[in-house]
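Analysis of the macromolecular model
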Amino acid sequence: MDLFDYMRTNTMKQESPLASRMRPETLDQVVGQKHIVGPGTLLYRAIKADQLGSIIFYGPPGTGKTTLAKVIAHTTKAEFCQINATVAGKKDMEEVVQKAKDTLGMYGRRTILFVDEIHRFNKSQQDYLLPFVEDGTLILIGATTENPYFEVNGALLSRSRIFELKALEKEDILELLHRAVTDVEKGMGSYRAVLDEDAADFLADVANGDARAALNALELGVLTTPRAEDGKIHIDLEVAQECIQKRAVRYDKDGDNHYDTISAFIKSMRGSDPDAAVYYLGRMLYAGEDIKFIARRIMIHAAEDVGMADPQALNVAVSAAQAVERIGMPEARIILAEAVIYIASAPKSNSVISAIDQAMEAVRTEKTRPVPVHLKDTHYKGAEKLGHGAGYLYPHDFPGHYVKQQYLPDGMEGRTFYHPSDEGFEKEVKNIFSTRKK
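Predicted model, so just to flag it, every value in this text is computed and none were measured.

**Describing the overall build of the protein**
For the protein, the count of helices and strands is 20 helices and seven strands. For the protein, the spread of C-alpha atoms along the three principal axes comes to 105 × 65 × 40 Å. Expressed as a percentage of its 438 residues, the buried residues of the protein come to 42%. Partitioning the intrachain contacts of the protein with sequence separation of at least 6 by distance along the chain shows that 72% fall at a separation of at least 24. Carbon and sulfur atoms form 52% of the exposed surface of the protein, whose accessible area is close to 24700 Å². The averaged location of the 63 negative side-chain charges in the protein is 6 Å from the averaged location of its 54 positive side-chain charges.

Structure follows, in structure tokens:
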């Protein structure tokens, strides 16, 4: 490292964002993620013993993926190299591999390659790394906010251990905020700032598990707030609210958050909890989810989980779908909310699913029997001469517009596919069936 590199490195350390400066250098300084780096855990032991294999850190932004990589960099005797998949090309990887080969050959030291945003590498880029990970030239540490089982090649996954990082708890972020505001060397301690408890509590809550968001807000507050008469910078609740004006909602339309949220939305409607259902609806709308997608899910749910317990539910869902397509946001939120609350509050029955699934299974596995002669069509030429329709009893000619006769094919008489429940309107259907069987 020459003088200019040294000066540049020192300047970056001093002027880099607070979240970067506050990154811990040892395992003991790490806040949160005790399930994977707590004393005695596999990763903790591997880092301490400097016996790390290839790993992938997977989790939301601001949870410590890069932090853990930096901790490993400070504790390992191996050569440590870092690249970012958003900007790195094949030439960069070739240089890393060549340097790793030289280091291994000349000094007997292995190289740890940290690839941030590894999901941004395409298949060929990931394939390029594979043989060098396999023969031990490189120990790979990947970091991704996307589900690695979707975004990382199966061959790399099979050679790596996956560690899932969780969103930080509120208490973890509070600890980081208080540490940052008092740390003179790496934090904001030299500014003589005072962080009020209600402001800290607000920042920790609104950061939604993202430590970086909380620290960035704190830094902004300290750097932009004038000193009070006592010579100190006071970060109160009003300042904190100005620094984070909107809660960040983690919702990637192609990732886990999308599927988890829609799953919770559907299960809340199925569980007859309108409050939870409308909350998840709000979460999806706030994140910009396609209203037509939401409407489709509501229609499916109306037929699948409400069914004949309240046949009006499907009408409500279809009407809502048509209305939101014509009207759009922001008014569509009201229409969707009405449909969601109606369906969540409706009685539930999945007897329709059971009926159609059993019927289709019978068609798939059993001999296809002919339609009874009296039910066959009589309108085409020659049908009457063949006896089609003979003996058919027209229900409207009988009291109650009902008459007993065989409808299922011969050999299937008495088979029952639809078993109405005792819920809502379906209970009335069940009573009608019971009366007719007497």
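**A look at the packing of helix H10 (residues 170-182) against helix H12 (residues 211-224)**
When two helices pack together, their arrangement is given by the angle between the helix axes and by the axis-to-axis distance. Look at H10 against H12: their axes get within 10 Å of each other, and the N-to-C directions meet at 35 degrees. Crossing of H10 against H12: the hand is right-handed. Of H12, the residues touching H10 (which contributes Ile 173, Leu 176, Leu 177, Ala 180 and Val 181) are Ala 211, Ala 214, Leu 215 and Leu 218. The class makeup of the residues in the contact of H10 with H12 is nine nonpolar, no polar and no charged.

**A word on the nonpolar core**
Judged by nonpolar contacts, the single largest core of 32 residues is most densely connected at Leu 177, Leu 195 and Leu 218. Looking at this core, the elements that each hand over two or more residues are helix H2 (18-21), H10, strand E6 (193-195), helix H11 (197-206), H12, strand E7 (233-235) and helix H13 (237-243). Among all residues touching Leu 195, those that are not within four sequence positions of it are Leu 177, Val 181, Ala 200, Leu 203, Leu 218 and Ile 235. Core analysis: the second largest hydrophobic core is formed by 28 residues, Ile 298, Ala 317, Ala 332 and Val 340 among them.

**Quick word on unusual backbone geometry**
Backbone torsion omega between Met 329 and Pro 330 reads 5 degrees, so that peptide bond is classified as cis. Turning to its location among the elements, Pro 330 is positioned in the loop between helix H17 (312-327) and helix H18 (332-345). Its identity as a non-glycine residue notwithstanding, Asp 50 has a phi of 55 degrees, on the positive side. Its place among the elements puts Asp 50 in the loop between helix H4 (42-48) and strand E1 (55-58).

**Thoughts on the packing of aromatic side chains**
Counting across every chain of the model gives three aromatic pairs. Judged by centre distance (6.3 Å) and plane angle (45 degrees), the ring pair of Phe 57 and Phe 163 falls under tilted. Separated by 106 residues along the polypeptide, Phe 57 in strand E1 and Phe 163 in strand E5 (residues 161-164) bring together distant segments of the chain. In terms of burial, Phe 57 and Phe 163 fall into one category: buried. Taken together, a centroid distance of 5.1 Å and an interplanar angle of 65 degrees make the contact between Tyr 279 and Tyr 280 edge-to-face.

**A few points about the packing of H10 against H11**
At a minimum axis separation of 9 Å, H10 and H11 run at an interaxial angle of 125 degrees. Between H10 and H11, the angle is such that the two are oblique. Between H10 and H11 lies a crossing whose hand is right-handed. Residues Lys 170, Ile 173, Leu 174, Leu 177 and His 178 of H10 lie in contact with H11, whose contacting residues are Glu 197, Ala 200, Asp 201, Leu 203, Ala 204 and Asp 205. Of the residues in the contact of H10 with H11, the class split is six nonpolar, one polar and four charged.

**Quick look at the sheet that holds strand E3 (residues 111-116)**
With parallel pairing, five strands are arranged side by side in an open sheet as E2-E3-E4-E1-E5. Strands with a single pairing partner mark the edges of an open sheet, and in this sheet they are strand E2 (79-84) and E5. Shown here is a sheet whose adjacent strand axes are inclined to one another by a mean of 15 degrees, direction ignored. Of the strand pairs in this sheet, E1 and E5 are connected by four bridges, and their pairing is parallel. Across the sheet, residue Tyr 58 finds its bridge partner in E5, namely Glu 164. In this fold helix H7 (residues 123-134) packs onto E3 and strand E4 (138-144), with an angle of close to 135 degrees to the strand it touches most, E4.

**Focus: the environment of Lys 186**
Among the structural elements, Lys 186 can be located in the loop between H10 and E6. With 165 residues separating them along the chain, Lys 186 and Arg 21 place their C-alpha atoms 5.6 Å apart. A polar atom in the side chain of Lys 186 sits 3.3 Å from the backbone oxygen of Arg 23.

**Re the pattern of salt bridges**
Scanning the model with the defined rule gives eleven salt bridges in all. Between Arg 21 and Glu 219 there is a salt bridge whose closest N-O contact spans 3.6 Å. Linking Arg 21 in helix H2 with Glu 219 in helix H12, this pair joins segments that are 198 residues apart in sequence. Residues Arg 21 and Glu 219 agree in their burial class; the two are buried.

Cut-off values and rules
The residue numbering used here restarts from 1 in each chain and proceeds along that chain's sequence as written. With pLDDT at 70 or above as the cut-off, local features in this predicted model cover only qualifying residues; side-chain atom pairs require 80 or more to be listed or tallied, and sums for whole chains, interfaces and linings still use all residues. As a rule here, side-chain values come from all non-hydrogen atoms in the structure, and water together with hydrogens is ignored. Secondary structure counts use DSSP, requiring at least four H or I residues in a row for a helix and at least two E residues in a row for a strand, with both numbered from the N terminus. Working definition: with a 1.4 Å probe on protein chains only, accessible area under 20% of the residue-type maximum means buried, over 50% means exposed, and in between means partly exposed. Here, residues are in contact when the closest pair of their heavy atoms is within 4.5 Å. Working definition of accessibility: Shrake-Rupley area with a 1.4 Å probe, residue cover restricted to the visible protein chains. The positive count covers Lys and Arg only, the negative count covers Asp and Glu only, and His and the chain ends enter neither. By convention, the charge on Lys lies at NZ, on Arg at CZ, on Asp at CG and on Glu at CD. For every element, the axis is a line fit to its C-alpha atoms; helices are fit only across the contacting stretch, and the angle between N-to-C directions ranges from 0 to 180 degrees. Helix crossings fall into two classes, left-handed where the near helix is turned counterclockwise from the far one by less than a right angle and right-handed where it is turned clockwise. Polarity classes work like this: nonpolar for Ala, Val, Leu, Ile, Met, Phe, Trp, Tyr, Cys and Pro, charged for Asp, Glu, Lys and Arg, and polar for all others, with Gly in that last group. By nonpolar core we mean a set of buried residues, namely Ala, Val, Leu, Ile, Met, Phe, Trp, Tyr and Cys, connected to one another through side-chain atoms within 4.5 Å. Stacked, edge-to-face and tilted labels apply to pairs of Phe, Tyr and Trp rings (six-membered ring for Trp) whose centres lie within 6.5 Å, assigned for plane angles under 30 degrees, over 60, and everything in between, in that order. Oblique is the label for any angle not covered by the other classes, which are roughly parallel (under 35 degrees), roughly antiparallel (over 145) and roughly perpendicular (65 to 115). When DSSP locates at least two bridges between a pair of strands, those strands are taken to pair. Here a polar contact is taken to be a pair of N or O atoms separated by no more than 3.5 Å, where protein atoms must pair a possible hydrogen donor with a possible acceptor and residues adjacent in sequence count only if both atoms sit in side chains. Any carboxyl oxygen of Asp or Glu that lies within 4 Å of a side-chain nitrogen of Lys or Arg is treated as forming a salt bridge with it.

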